[in-house]
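What follows is each chain in one-letter form.
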Amino acid sequence: MGAQTNTIDKAWTLQTPEHVLAARDLVGNDFSLCYQCGLCTGSCRTAYAMKYTPRQIMNLLQLGREDEAIAGGSGLLCTACFACTFRCPRGVAITDLMGAIQRLTLHQKHADPHIQDFYRAFMRTVERHGRFHEAEFVVRYYAPNPLRLREDIRLALMLLTKGKVTLKAPKVKSRKGIAAMFRKAVEIEGRP
Amino acid sequence: MKYVYYPGCSASTTSKEAEESLQAAMKALGVEWTELEDWNCCGAAIGIGTSYLLSIALPARNLALAERAESELVTGCSRCFLNLIRAIHYTHENPKVHEEVNELLAETGVQYSGTARLRHILDVIVYDVGLDVVAERVTQPLNGLRVAPYYGCCQGMWTYAQFDSTENPHCFDQLLATLGAEVVDYELKTACCGGTISLYKRSVGANLIGDLLAGASHADCIITACPQCLFNLNSFQREAGKIKGTKFNIPVLFLTQMMGIAFGLPKKALGLQRNPVPVDSLYEKIAAGAAVSSGAAGASRPK
């Protein structure tokens, strides 16, 4: 799917539905143990905005319809608060499964470009500097679509006037090593 | 007890007031610590959407650094805490994940052995410093001030399991009561504020924030234990109000800002000028409360 110009996109490309189905390396139980009680959905603050709720996604995975779960885009609304995982009476690793669905969705062309660009811009600054770098994030996030600034202008002004914007890059001594961690993660996750 | 402090990205960028007040309040309480040397971002809520392994290895590097410093790792950010405790748990439960995490960490010349001790700032204040010591430090009791503690989604997973009830935590209530405030209860006090969703999906994020603000609207202010929640609840009151058909103007403070006010620390040291919703009304209410209960002897006891 296009040229992979950075580690983040490479990491997304590596995600396959098999990752979700095999529940590779998950801590906690996989979706097959879900008995559809719905406590996850009841605990989820963003479920109201999802096409498929967490319970429905577990069901879609059980039915082998992971493509439907991915295409629905619900994974992108998971805030990773882990309330569902914590409460699940069957010990299913719901948040991590939602995370896997999220990565699969982000790899797709039709994924919400705001979210895709946000994730990419955020993690690129962490990859390059070891920490989140605000100023660089702003450039990376708004450059693909400067119209986004229209929605965020009030927020930007508030951050500036309240002295909450740092232009200087964070100084992490091991930043090169941290960038190497990103590449290593792609290498390991790409292993058969 | 030796501590190393992990600020996290949020407290060092968009929520500087959390960091400033935390340092000031801890100094007032006599807690000594050094900043974790060369710490890195824990991946926030974004790491998990990039790579499963990275979302464990990024926080694990900070744990490895804390092991090297032979100190307990303290963070004032609930999101960081969640990621760090998840890394501890996952590497403990799954040897293969632990091995792969160390393979990643080798790139930065450290290894995580699994002995790191992690603490949340609330835990340190309430159980290490102690509420009696906090009470002694109060010079300006918050009498007459109705405060809503916002625990946030630290309730998720193991955060409060470490030192409090997961479904009905109370340590934050006790701390605020010790400062002399009247603690108000509301339903969503342990619900997620949406984290970064407010930035890339404003309609959903503002709606979640609106529910929280509406739920706690009978309080004079909301107090958070996480810089990210602080940013969210403060920055999007206008958008949240539009969705809920009302106008919100509720001051939202970080817990050490509220403590600092009760300790009589200067406003500037607490970063109060950075709070998007002005906090001056709180000082007026505290002054009015002090006038009413001029004989009040320090802090009221926790339940």
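Residues numbered from 1 in each chain as written. Chains lettered and ligands numbered in written order. Predicted model: local features only at pLDDT ≥ 70, side-chain atom pairs only at ≥ 80, totals over all residues.

> Go over the pairing of strand S5 (residues 146-150) of chain B with me, naming the residues and quoting the values.
All names here are of chain B. For S5, a buried count of 4 out of 5 residues is recorded, marking the element as mostly surrounded by other parts of the structure. Where S5 and strand S6 (residues 182-183) come together, 2 bridges link them in parallel fashion. Residue pairing in the sheet places Val-147 in a bridge with Val-183 of S6. Looking at chain direction, S5 and strand S7 (residues 221-224) are connected through 4 bridges and run parallel. Note that in S7 the partner of Pro-149 across the bridge is Ile-223. (Buried ≥ 20, exposed ≤ 12 C-beta atoms within 10 Å, placed from the backbone. Helix = DSSP H or I, 4+ residues; strand = E, 2+ residues; numbered from the N terminus. Pairing = 2+ DSSP bridges.)

> Explain the sheet that holds S5(B) to me, using residue names and the numbers behind them.
Residues and elements named next belong to chain B. The parallel open sheet is built from 4 strands, whose spatial order is S6-S5-S7-S8. Edge strands, defined here as strands with exactly one partner in the open sheet, are S6 and strand S8 (252-254). Here S7 pairs with S8 via 3 bridges, running parallel. Its bridge partner lying in S8, Thr-224 is registered against Phe-254. Sitting on the sheet, helix H10 (residues 227-235) is in contact with S5, S7 and S8, with an inclination near 165° to S8. (Contact = placed C-beta atoms within 7 Å. Axes fitted to C-alpha atoms, helices over the stretch in contact; angles between N-to-C directions.)

> How would you sum up the environment of A:Met181? Please name residues and give values.
In this structure, A:Met181 sits in helix H11 (residues 175-189). For A:Met181, a count of 28 C-beta atoms within 10 Å gives the class buried. Here the alpha-carbon distance between A:Met181 and A:Lys164, two residues 17 residues apart in the chain, equals 29 Å. Excluding residues within four positions of it along the chain, A:Met181 makes contact with B:Ala57, B:Leu104, B:Glu107 and B:Thr108.

> Quick one: what's the story with the domain arrangement of chain A, residue by residue and with numbers?
Residues and elements named next belong to chain A. Splitting chain A by domain gives domain 1 (7-106) and domain 2 (113-189). For domain 1 and domain 2, the distance between their C-alpha centroids amounts to 26 Å. Facing 7 residues of domain 1, the contacting portion of domain 2 comprises 12 residues. By residue number, the principal contributor to the side of domain 1 that touches domain 2 is helix H1 (residues 7-13), which donates 4 residues. Grouping the constituent residues of the side of domain 1 that touches domain 2 by class yields 5 nonpolar, 1 polar and 1 charged. (Domains from an automatic or database assignment. Nonpolar A, V, L, I, M, F, W, Y, C, P; charged D, E, K, R; others polar.)

> So what about the domain arrangement of chain B? Which residues, and what values?
All names here are of chain B. Annotation of chain B at the domain level lists domain 1 (3-120) and domain 2 (139-292). Averaged C-alpha coordinates put domain 1 and domain 2 at centres separated by 24 Å. Contact residues are listed per partner, giving 27 residues for domain 1 and 27 residues for domain 2. Secondary structure elements with two or more residues in the side of domain 1 that touches domain 2: helix H1 (8-12), helix H2 (16-28) and helix H4 (78-93). At 9 residues, the largest contribution of residues to the side of domain 1 that touches domain 2 is made by H2. Here the residues of the side of domain 1 that touches domain 2 sort into 13 nonpolar, 9 polar and 5 charged.

> Mind laying out the interface of chain A and chain B, listing which residues take part and the relevant values?
With 51 residues of chain A in contact, the opposing surface of chain B contributes 49 residues. Elements represented by at least two residues in the side of chain A that touches chain B include exactly H1, helix H6 (83-87), helix H7 (94-106), helix H8 (113-129), helix H10 (148-161) and H11 of chain A. When its residues are assigned to classes, the side of chain A that touches chain B shows 28 nonpolar, 11 polar and 12 charged.

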